[in-house]
Amino acid sequence: MQQVRVVCPVLSVPFTLSGEVDYESFRNLVQWIISCGAESVLMFGVASENVKLSDPEREKLLEILVEEKRKASLTIVASVADHSLELAVIRARKYEAMGADFINILPPSFFAPSAEQILEHLRGILAGVKVPVIIQHLPQAGGMEDVAVLAQLSNEFPNLSMIKCEANPPSASIARVKELTNGVVGTLIGWGGIFWAEGVQAGALGVQPGCALTDAYIWAQRALDTGDFMEFEKRVNRFIPWISLWITNLEQLIAIEKSILQRRGIIATGYCRRPTTSWDVAIEKTIDEAMIFLEQIA
């Protein structure tokens, strides 16, 4: 079973100052991500402002991503976050037909569906596509509490490839999935990678952070690739404290990521569709520090 490994950034969606999708900036962003050495990306995640996109916008963005994939052998993970099972299956099949290599499922949480309803949703999508599937385990957002229930779906669906473990902290979930599936189902770390080091020790195969610091995450990954865990931790600790601060408010993290991408000249504006948020002088100082750090490791 194909699996996503190492650093798989979640793509931001650039907008013009009038709030329209900036497709040119998006293509530039994808090309920059590839130049950093990323082998895979996640599209339509929370950091993509997915809930603020229309279906035609999503499809055009995915078309551009697939075009760039063909030039660089990029692996595309397309996230399906519809609350309705019927709509989720339609979208998953659409993304598969368009060229997505993986389908990522964000389980429904609106109005607190029961465990049985969540499982029905997951089973419907797993049965509806042929490509490998990743399920997000996000209990703090109202998702399935017990990761074991998700892992056991691999007994019914061989295309369940991975579980993205986003409990805080995720180490116990990662180890549990590995134990229950004998390593057949891999695990990814989400939530900005703030528990990346602990997750690696528990057996996670990769991390899915935001994309503005993709080169920093890959810089840390290179130390891990050589087997130097101490150097890996040292590198991670250079930038993860900023991520840990920014992610206390998800809208803030999204906006900061886009501000950094703009400052780096990768996208034209840092505009976020509303509702969005701002930050204070103390946060602005950490962004300035991050920009200096990124120049140092370039």
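Basis of the calculations
- Residues numbered from 1 in each chain as written.
- Predicted model: local features only at pLDDT ≥ 70, side-chain atom pairs only at ≥ 80, totals over all residues.
- Heavy atoms only, no water.
- Helix = DSSP H or I, 4+ residues; strand = E, 2+ residues; numbered from the N terminus.
- Core = buried A, V, L, I, M, F, W, Y, C linked by side-chain atoms within 4.5 Å.
- Buried < 20%, exposed > 50% of the residue type's maximum accessible area, 1.4 Å probe, protein only.
- Contact = heavy atoms within 4.5 Å.
- Polar contact = N/O pair within 3.5 Å; in protein donor to acceptor, adjacent residues only side chain to side chain.
- Pairing = 2+ DSSP bridges.
- Phe/Tyr/Trp six-rings, centres within 6.5 Å; stacked < 30°, edge-to-face > 60°.
- Right-handed = clockwise from strand over helix to strand, strands pointing away.
- Expected span 1.5 Å × (residues − 1).

Details of the environment of Asp 228
So, point 1. Structurally, Asp 228 is set in the loop between helix H8 (214–225) and helix H9 (229–246).
So, point 2. In the structure, Asp 228 is positioned 73 residues away from Asn 155 in sequence and 36 Å away in space, judged by C-alpha atoms.

Some details on the nonpolar core
So, point 1. Of all hydrophobic cores here, the largest spans 91 residues; its most connected members are Leu 65, Ile 103, Trp 196, Leu 213, Phe 239 and Trp 246.
So, point 2. If sequence neighbours within four positions are ignored, Leu 213 has contacts with Phe 239, Ile 243, Trp 246, Ile 260, Arg 264 and Leu 294.
So, point 3. In terms of nonpolar packing, the next biggest core, distinct from the first, is built from nine residues, Val 4, Val 10, Val 77 and Leu 188 among them.

Section: the side chain of Asp 215
So, point 1. Relative to the elements of secondary structure, Asp 215 occurs in helix H8.
So, point 2. For Asp 215, a relative accessible area of 18% corresponds to the buried category.
So, point 3. A distance of 2.5 Å separates a polar atom in the side chain of Asp 215 from a polar atom in the side chain of Arg 264.
So, point 4. Sequence-distant contacts of Asp 215, defined by excluding residues within four places in its chain, comprise Trp 32, Cys 36, Arg 264, Leu 294 and Ile 297.

Description of the sheet that holds strand S1 (residues 6–7)
So, point 1. Here we have eight strands laid out as an open sheet, ordered S1-S8-S7-S6-S5-S4-S3-S2, and parallel in their pairing. Both outer strands of the open sheet, S1 and strand S2 (40–43), are each paired with one neighbouring strand and no more.
So, point 2. By the bridge criterion, four bridges tie S2 to strand S3 (residues 75–80) in an arrangement that is parallel. Within S3, the position partnered with Leu 42 by the bridge is Val 77.

A few points about the pairing of strand S6 (residues 160–165)
So, point 1. Burial analysis of S6 places six of its six residues in the buried class, which makes it a mostly covered element.
So, point 2. In the sheet, strand S5 (residues 133–137) pairs with S6 via five bridges, with the strands oriented parallel. When the bridges of S6 are listed, Ile 135 appears paired with Ile 163.
So, point 3. Both S6 and strand S7 (residues 186–189) contribute to a ladder of four bridges, which runs parallel.

With respect to the packing of aromatic side chains
So, point 1. Taken as a whole and judged by the stated rule, the model has nine aromatic pairs.
So, point 2. Here the aromatic rings of Phe 44 and Tyr 95 are separated by 5.2 Å at their centres, their planes lie at 20°, and the arrangement is stacked. Note that Phe 44 is positioned in the loop between S2 and helix H2 (55–72) and Tyr 95 in helix H3 (residues 85–98), a separation of 51 residues in sequence.
So, point 3. Taking 4.9 Å as the distance between ring centres and 90° as the angle between the ring planes, the aromatic pair formed by Trp 196 and Phe 232 counts as edge-to-face. Taken together, the residues span a long stretch of sequence, with Trp 196 in helix H7 (residues 196–202) and Phe 232 in helix H9 at a distance of 36 residues.
So, point 4. Aromatic ring contacts, followed pair by pair, group Trp 196, Tyr 217, Trp 219, Phe 229, Phe 232, Phe 239, Trp 242 and Phe 293 into a single cluster.

Details of unusual backbone geometry
So, point 1. Residue Asn 168 is joined to Pro 169 through a cis peptide bond whose omega torsion reads 0°.
So, point 2. For the bond running from Arg 274 to Pro 275, omega is 5°, close enough to zero to count as cis.
So, point 3. Structurally, Pro 275 is set in the loop between helix H10 (250–263) and helix H11 (281–297).
So, point 4. Here the phi dihedral of Val 6 falls at roughly 50°; this positive angle occurs in a residue that is not glycine.
So, point 5. By the element assignment, Val 6 lies in strand S1.

Quick look at the pairing of S2
So, point 1. On S2, burial covers both faces: Ser 40 and Leu 42 on one face and Val 41 and Met 43 on the other are all buried.
So, point 2. In this region the chain leaves S2, passes through H2 and returns to the parallel neighbour S3; the handedness of that crossover is right-handed.

Remarks on H10
So, point 1. Compared with the 20 Å implied by 1.5 Å per residue over 14 residues, the 20 Å span of H10 between its first and last C-alpha is a close match.
So, point 2. For H10, every residue scored as buried is listed here: Gln 252, Leu 253, Ile 254, Ala 255, Ile 256, Glu 257, Lys 258, Ser 259, Ile 260 and Leu 261.
So, point 3. Residues of H10 that are buried in the fold lie against helix H1 (23–36), H9 and H11.
So, point 4. Put simply, Asn 249 is the residue that caps the front of H10, since its side-chain oxygen is 3.0 Å from the backbone nitrogen of Glu 251.
So, point 5. Just downstream of H10, Gly 265 is the residue with a positive phi angle, here 75°.

Re the side chain of Lys 258
So, point 1. Within the secondary structure, Lys 258 sits in helix H10.
So, point 2. The exposure class assigned to Lys 258 is buried, which follows from its relative accessible area of 0%.
So, point 3. At 2.5 Å, the side chain of Lys 258 and the side chain of Glu 49 are in polar contact.
So, point 4. Every residue in contact with Lys 258, bar those within four places of it in the chain, is listed here: Ser 12, Val 13, Pro 14, Phe 15, Glu 49, Ile 267, Thr 269, Gly 270, Tyr 271 and Cys 272.

Comments concerning the environment of Arg 176
So, point 1. Assignment of secondary structure puts Arg 176 in helix H6 (residues 171–181).
So, point 2. The spacing of Arg 176 and Val 147 is 29 residues in sequence and 7.6 Å in space, taken between C-alpha atoms.
So, point 3. Those residues in contact with Arg 176 that lie beyond four places of it in its chain are Val 147 and Ala 148.

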